[in-house]
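Okay, here's what each chain looks like letter by letter:
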Amino acid sequence: MRSVIQGFILCWGLLPLFAVAAESTESKPSAAQVDASIDNLDKPLYSPFIERYMLDEVRNLRIDMERAHRELAAEVVDRELGAADKAVSYATNTVTYFFYLIAGVSSALVLMGWNSVRDIKEKVHSVANEQVAELVEEYEKRLRAIEKQLKQETAHIESNREEITLTQEIHSLWLRASQESSPAGKIAIYDQILAARGDDIEAITYKADAALDQNEPQWAINLCQQALLLDETNAHAFYQLACAHTCQGNLDDAARYFTHAVAQSESYREELYRDPALSELREHPLLIELLAPTVEHPS
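The structure presented is a predicted model; accordingly, all values stated were derived computationally and were not measured.

**Some details on the overall build of the protein**
The secondary structure content of the protein amounts to 11 helices and zero strands. Counted from the first residue to the last, the protein has its helices and strands arranged as α-α-α-α-α-α-α-α-α-α-α. Residue pairs at least 24 apart in sequence account for 50% of intrachain contacts in the protein once pairs closer than 6 positions are excluded. In the structure as shown, the protein presents an accessible area of about 21900 Å², 57% of it carried by carbon and sulfur atoms.

**Notes on the packing of helix 9 (residues 235–248) against helix 10 (residues 251–264)**
Angle between the axes and distance between the axes: these two values describe a pair of packed helices. Axis separation between helix 9 and helix 10 bottoms out at 8 Å; the angle between their running directions is 160°. In terms of axis orientation, helix 9 runs roughly antiparallel to helix 10. Between helix 9 and helix 10 lies a crossing whose hand is left-handed. Contacts from Ala235, Phe238, Tyr239, Leu241, Ala242, His245 and Thr246 of helix 9 reach helix 10 at Leu251, Asp253, Ala254, Tyr257, Phe258, His260, Ala261 and Gln264. In terms of residue class, the contact of helix 9 with helix 10 is built from 10 nonpolar, four polar and one charged.

**Overview of the side chain of Asn234**
Here Asn234 is to be found in the loop between helix 8 (217–230) and helix 9. Classification of Asn234 as buried rests on a relative accessible area of 15%. Polar contacts involving the side chain of Asn234 include one to the main-chain amide nitrogen of His236, which spans 3.3 Å. Excluding its chain neighbours within four sequence positions, the residues that come into contact with Asn234 are Ile201, Thr205 and Leu228.

**Topic: the packing of aromatic side chains**
In the structure shown here, the tally under the stated rule is six aromatic pairs. Between Trp174 and Tyr190, the aromatic rings sit 5.6 Å apart at their centres with planes inclined by 50°, giving tilted as the arrangement. Here Trp174 is found in helix 5 (residues 117–179), whereas its partner Tyr190 is found in helix 6 (residues 183–196), with 16 residues between them in sequence. What makes Trp174 partly exposed here is its relative accessible area of 22%. Owing to a relative accessible area of 5%, Tyr190 belongs among the buried residues under this scheme. Grouped by ring-pair contacts, the aromatic residues Trp174, Tyr190 and Tyr206 constitute a single cluster.

**With respect to the packing of helix 7 (residues 201–213) against helix 8**
The geometry of helix 7 relative to helix 8 is characterised by a closest axis approach of 8 Å and an angle of 165° between their N-to-C directions. In terms of axis orientation, helix 7 runs roughly antiparallel to helix 8. Considering the relative orientation of helix 7 and helix 8, their crossing is left-handed. Contacts between helix 7 and helix 8 involve Ile201, Ile204, Thr205, Lys207, Ala208, Ala211 and Leu212 from the first element and Pro217, Trp219, Ala220, Leu223, Cys224, Gln226, Ala227 and Leu230 from the second. Tallied by class, the residues present in the contact of helix 7 with helix 8 amount to 12 nonpolar, two polar and one charged.

**Things to note about the pattern of salt bridges**
For the structure shown, the criterion picks out 11 salt bridges. Asp191 is the salt-bridge partner of Lys207, the closest N and O atoms lying 2.5 Å from each other. Placement of the pair is Lys207 in helix 7 and Asp191 in helix 6, with a sequence separation of 16 residues. One salt bridge connects Arg256 with Asp253, and the closest N-O pair in it is separated by 3.4 Å. Residue Arg256 and its partner Asp253 are located together in helix 10, separated by three residues, close to a single helical turn. Overall, Arg256 belongs to the partly exposed group, its relative accessible area being 36%. With relative accessibility at 29%, the residue Asp253 sits in the partly exposed group.

**Re helix 8**
The end-to-end C-alpha distance of helix 8, which contains 14 residues, comes to 20 Å, matching closely the 20 Å that a straight helix rising 1.5 Å per residue would cover. Those residues of helix 8 that fall on the buried side of the exposure criterion are Pro217, Ala220, Ile221, Leu223, Cys224, Ala227 and Leu228. The buried residues of helix 8 occupy an angular sector of 165° when the element is viewed end-on, so they sit on one face. Packing partners of the buried residues in helix 8 comprise helix 7 and helix 9.

**Some points on the confidence of the model for the protein**
The predicted model of the protein averages 77 in pLDDT, with 80% of residues at 70 or higher. In this model, residues 1–26 is a region of pLDDT below 50 whose contacts with residues beyond four sequence positions or in other chains number 20 contacts. Of the regions scoring below 50 in pLDDT, residues 294–299 engages in six contacts with residues more than four places distant in sequence or in other chains.

Reading the values: the criteria
- Residues numbered from 1 in each chain as written.
- Predicted model: local features only at pLDDT ≥ 70, side-chain atom pairs only at ≥ 80, totals over all residues.
- Heavy atoms only, no water.
- Helix = DSSP H or I, 4+ residues; strand = E, 2+ residues; numbered from the N terminus.
- Contact = heavy atoms within 4.5 Å.
- Areas by Shrake-Rupley, 256 points an atom, 1.4 Å probe, with all protein chains shown as cover.
- Axes fitted to C-alpha atoms, helices over the stretch in contact; angles between N-to-C directions.
- Parallel < 35°, antiparallel > 145°, perpendicular 65-115°, else oblique.
- Left-handed = near helix turned anticlockwise from the far one by under 90°.
- Nonpolar A, V, L, I, M, F, W, Y, C, P; charged D, E, K, R; others polar.
- Buried < 20%, exposed > 50% of the residue type's maximum accessible area, 1.4 Å probe, protein only.
- Polar contact = N/O pair within 3.5 Å; in protein donor to acceptor, adjacent residues only side chain to side chain.
- Phe/Tyr/Trp six-rings, centres within 6.5 Å; stacked < 30°, edge-to-face > 60°.
- Salt bridge = Lys/Arg side-chain N within 4 Å of Asp/Glu carboxyl O.
- Expected span 1.5 Å × (residues − 1).
- Arc of directions from axis to C-beta.
- pLDDT = per-residue confidence, 0-100.

Below, the structure written as structure tokens:
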């Protein structure tokens, strides 16, 4: 209320003061100057008519606010009633449509020959059981196939693991044989290799070489024949046969086997003049005739 009075005073009562102030300065009075002017008044600045006018304005303002409040409340109530009416209508329509649906489904089931809910339940259960049985059978087939494949892969992996382990063992035995100096020790190691892998042709031929070092040419011949049964083109077996037959004095057979060795691998040509076991074979006529075009005597 005080703010209204101050505003009115600013507009009506202080016109003389504003006139005086306008003469002294062109700037507007500050709030402090206005408060000071109000405190220094010695007579009322308004008449009973003005007071009545202000009271009527306040009364009209309160009446307008009350009317706006009633209109707002009425609008809110109308909206709430409309929402409730829509909700009730939606629920009613839903229930109605649901019963229509039930009636339609029941009529369709009666036309299809299902006379009761028990028939429907039994039919649904039978269809579901058939579908589940088909799915279970299909997945059982897939699982059996996967299980079979896994078993094959496991067996293959296990076989590879065993082969790797065996290869490592044989490799270590070959290293031991290369470090062994005595023929008997080498033969023992070669026997271990053949015990682990019986078709190792290289082990058989090197065992024959060790047998020759022990002055056992017949044993070496038997071992080389065993190797040729596994590989009829093995050059090392032919070379060991040539050495064994030379040791026995069978120079014709030795020359023939040495020729086979050279035919399989040219690297054995030079061994004729390097290996002391073939010293008696160097001047054999058959060997000279067969190898003369390619063999050159070292100077």
